[in-house]
Every structure is written in structure tokens, then in C-alpha cells.
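Per-entry structural report
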Amino acid sequence: MPTDMPMHTTRAPRPRRRLTARVLVPFLAALALLLTPGTGPGGATAEAVSVCHGRPAKTYRFATGELRLYRTRDYACAVTVANRPGAARPMSVSLQPRGGRAAVKAGRFGRQTGPVTVHALNRCVRAYGSVAGQGRSTGWILC
């Protein structure tokens, strides 16, 4: 064997990543997120979750529910929410910009009806919401 030829050296084996570490760490992280109060599916309160964009502008309470209004710079949005979610019952929500047509959503719902959104840049709006025959109407607001 000639001495001037390089000898083949074998590389040291790479440390193998453990399968459990690759699987277990993400699983535990996801589990921690789900079990933390106030996060994950079903953990948030109704006040924290909204189907309307924008900031909450006004809330009008009535005997069987409440009418919630939200506002962005250009749009207004309304939702009617029942006090006690449950069996489907007649619910409605209406939102009208001054000088425009009302956006209405009505039917039989268990928890909420809406959202209805209207373009309300530099305009007042009026809203109406009802749950099981009892409701609340506003005058011209958010001017």
C-alpha cells in the first residue's frame, strides 16, 4: 500500500434526532395552547369574539337580547345576540344609513343574527334588532 495515497476516513455518525422530540414537542405546545383559559376553540367569551369588523360603538340591551353596533371609518355593522342561546326562534337585525336602503337579516336562529354591514362614511345610521318578538330600535346615531 503506497503511503502517498490518502486514506479514506470514515465520518463519525451524526447524532440521530429522536423521533419523540420531533413529534412530542409540537404536540405538547399545541396542547398547552388549547388548555390555556380564554384561548382555543370554545374558550373565548362572546364579548371578545365578533363577526363585525371595527370597534364596538354601542350596545342596546332589551329583555331577550342585545343589539351590538360596530364602526370603522367607512362602514357600520350590526348584530343581534340572544341572552340565552338555544332553540331556534325568530330573530332580526336591520341597519340603515341615512339616505340609503336598510340591510336586513331575519329568520329563525339559535344564538345570533347578522352581521349586516352598510357603507356609512360621513352618514348617520339607525338600527333595529329583535329576539323572539321583543326588540330595540335606535334613532339616527353614529353621526
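Remember, predicted model here, so these are calculated numbers, not experimental data.

Re the state of the cysteines
- Scanning the entire structure with this criterion turns up two disulfides.
- For C52, the disulfide goes to C77, at an S-S distance of 1.8 Å. Disulfide C52 to C77: torsion about the S-S bond roughly -60 degrees, handedness left-handed. Residue C52 is found in the loop between α1 (19–35) and β1 (55–62), and its partner C77 is found in strand β3 (residues 75–82); the two are separated by 25 residues along the sequence. One exposure class covers both C52 and C77, and it is buried.
- The disulfide partner of C124 is C143, and the S-S distance across this bridge is 2.0 Å. One disulfide, between C124 and C143, carries an S-S torsion of 125 degrees and so falls in the right-handed class. Taken as a pair, C124 in the loop between β6 (112–119) and β7 (125–131) and C143 in the segment after β8 (134–137) lie far apart in primary sequence, 19 residues in all.

Here's the deal with the side chain of S94
- Here S94 shows up in strand β4 (residues 89–97).
- Of the residues examined, S94 reaches a relative accessible area of 17% and is grouped as buried.
- S94 has contacts with A102, A103, V104, V116, R126, A127 and Y128, leaving out every residue within four places of it along the chain.

Brief notes about the pattern of salt bridges
- On inspection of all chains with the given rule, the structure shows three salt bridges.
- One salt bridge in this structure joins R73 and D74, with 3.2 Å as the shortest N-O distance.
- Salt bridges sharing partners connect three or more residues here, namely R61, E66 and R68.

Here we look at the sheet that holds β3
- Taken in spatial order, the four strands of this open sheet run β1-β2-β3-β6, and their pairing is antiparallel. Edge positions in the sheet fall to β1 and β6, since each has one partner strand and no second. The sheet shows a mean angle of 15 degrees between the axes of neighbouring strands, taken without regard to direction.
- Note: strand β2 (residues 65–71) against β3, seven bridges, orientation antiparallel. Bridging from a neighbouring strand, L67 pairs with T80 of β3.

Focus: the packing of aromatic side chains
- Counting across every chain of the model gives zero aromatic pairs.
- For R98, the ring lying beneath its charged end belongs to W140, and the centroid distance is 4.4 Å.

Focus on the sheet that holds strand β5 (residues 103–109)
- Sheet architecture is open: four strands sit in the order β5-β4-β7-β8, paired in antiparallel fashion. Where the open sheet ends on each side, the last strands, each with one partner, are β5 and β8. For this sheet the average axis-to-axis angle between neighbouring strands, irrespective of direction, equals 5 degrees.
- When β7 meets β8, the two strands line up antiparallel, connected through four bridges. Opposite S130, over in β8, you have G135 as the bridge partner.

Points about the environment of A127
- Note on placement: A127 falls in strand β7.
- Between the C-alpha atom of A127 and that of L95, which follows or precedes it by 32 residues, the distance is 4.5 Å.

Regarding the nonpolar core
- Core analysis: the biggest nonpolar cluster contains 18 residues, and L67, L69, A76, A78, L95, V125 and I141 have the highest contact counts within it.
- Elements with a contribution of two residues or more to this core: β1, β2, β3, β4, β6 and β7.
- Sequence-distant contacts of A78, that is, excluding residues within four places in its chain, are made with C52, L67, R68, L69, V93, L95, G114, P115 and V116.
- One finds C52, C77, V79 and V81 within the second-largest nonpolar core, a separate group that totals five residues.

Scoring rules and cut-offs
Residues numbered from 1 in each chain as written. Predicted model: local features only at pLDDT ≥ 70, side-chain atom pairs only at ≥ 80, totals over all residues. Heavy atoms only, no water. Disulfide = S-S within 2.5 Å. Helix = DSSP H or I, 4+ residues; strand = E, 2+ residues; numbered from the N terminus. Buried < 20%, exposed > 50% of the residue type's maximum accessible area, 1.4 Å probe, protein only. Contact = heavy atoms within 4.5 Å. Salt bridge = Lys/Arg side-chain N within 4 Å of Asp/Glu carboxyl O. Pairing = 2+ DSSP bridges. Axes fitted to C-alpha atoms, helices over the stretch in contact; angles between N-to-C directions. Phe/Tyr/Trp six-rings, centres within 6.5 Å; stacked < 30°, edge-to-face > 60°. Lys NZ or Arg CZ within 6 Å of the ring centre and 35° of its normal. Core = buried A, V, L, I, M, F, W, Y, C linked by side-chain atoms within 4.5 Å.

Bear in mind that shape data such as this cannot, by itself, settle questions of function.
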